[in-house]
Structures are given as C-alpha cells and as structure tokens.
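Each chain is listed here by its residues.
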Amino acid sequence: QVSLEESGGGLVQAGSSLMLSCTLSGRILTDSAMAWFRQAPGKEREFVASISRSAGVVEYMFTVEDRFTISRDNARNIVFLHMNRVEPEDTGVYFCDGRPTHVSTGTYRVGYEYWGQGTQVTVYP
C-alpha cells in the first residue's frame, strides 16, 4: 500500500524559512513525478511545485518561484519543499502528491494518483 507522509509544517512569522518533507512508503520514488499542492481555508487546492523523476526539471507556481525550492532524494524516498521568505498568503495545508510516469523529465500540474494527509503551514505577519 502506497502512503505519503508530510512533515515540517508549523506556525512561523513572515519572512522566515521552513522545510517541508514528504516520505514515500510502499513504492519506489523513482517511478513518479512529485509535486506539492496547498489548500488555504475556503479556497481550492492549488499547485505549488513539481519535480521530475530525474530531479532535473522543476516547475513552480508564479508567486513562489523565487522563494521556494522543490527537491528530492530518491535514495531515501523523500521529497522536500524549502520555503524561504514565507508570506501570510502561503498559509494553508501542504500536500505531497505522486504521479507515476515513464517520462523522466516530466513535471505536471494535474493527474496525480496518490497523496498524503498534509501538513499545516501558518504564516503570521
């Protein structure tokens, strides 16, 4: 059974840094493109960042591309989201998603097949 477990969320002040982690169990990480999504209270779930199977290609939503970094450690089955200079607008539950693919360089905003329970990030001014 595939499972993803996110961790690293918390309550932080605007301008701080935060590192989210996502650990995959029950599947090898190297067969999937991975992504982070988030959902703010009362809003739709939105794409934040994606990383290809090979880790050679990344993609970000416009508002985070100069502040967040997605990375992966395939040997340890972990995906990271390093969040710098966080803003109150970054508040939400962050989810890690996986999408099996044969394309080693693909990044995606949709079509993910498995995801975790999320970790809460709250940024205060």
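Report on the accompanying structure. What you see is a predicted model, and the numbers here were worked out from it, not measured in a lab. (Residues numbered from 1 in each chain as written. Predicted model: local features only at pLDDT ≥ 70, side-chain atom pairs only at ≥ 80, totals over all residues. Heavy atoms only, no water.)

## As for the environment of Arg 67
So, point 1. The topology assignment puts Arg 67 in the loop between strand 6 (58-60) and strand 7 (68-73).
So, point 2. Once you skip the residues sitting within four places of it in the chain, Arg 67 turns out to touch His 82, Met 83, Asn 84, Arg 85, Val 86, Glu 87 and Asp 90.
So, point 3. Polar side-chain contacts of Arg 67 include one of 3.1 Å to the backbone oxygen of Thr 63. (Helix = DSSP H or I, 4+ residues; strand = E, 2+ residues; numbered from the N terminus. Contact = heavy atoms within 4.5 Å. Polar contact = N/O pair within 3.5 Å; in protein donor to acceptor, adjacent residues only side chain to side chain.)

## Details of the side chain of Thr 91
So, point 1. Within the element layout of this structure, Thr 91 appears in the loop between strand 8 (78-83) and strand 9 (92-100).
So, point 2. Relative accessible area serves as the criterion here: at 18%, Thr 91 is assigned to the buried category.
So, point 3. For Thr 91, the side chain forms a polar contact with the main-chain oxygen of Pro 88, separated by 2.9 Å.
So, point 4. Filtering out sequence-adjacent residues up to four positions away, Thr 91 remains in contact with Ala 40, Gln 120, Val 121, Thr 122 and Val 123. (Buried < 20%, exposed > 50% of the residue type's maximum accessible area, 1.4 Å probe, protein only.)

## Section: the nonpolar core
So, point 1. One finds Trp 36, Val 48, Leu 81, Met 83 and Tyr 94 to be the most contacted residues of the largest nonpolar core, which totals 32 residues.
So, point 2. Those elements that provide at least two residues to this core are strand 3 (18-25), strand 4 (32-39), strand 5 (45-51), strand 7, strand 8, strand 9 and strand 11 (119-124).
So, point 3. Looking at this core, the element that brings in the most residues is strand 4, giving five residues.
So, point 4. When neighbours within four sequence positions are excluded, Val 48 is seen to be in contact with Trp 36, Phe 37, Arg 38, Glu 59, Tyr 60, Met 61, Val 64, Phe 68, Leu 81 and Tyr 94. (Core = buried A, V, L, I, M, F, W, Y, C linked by side-chain atoms within 4.5 Å.)

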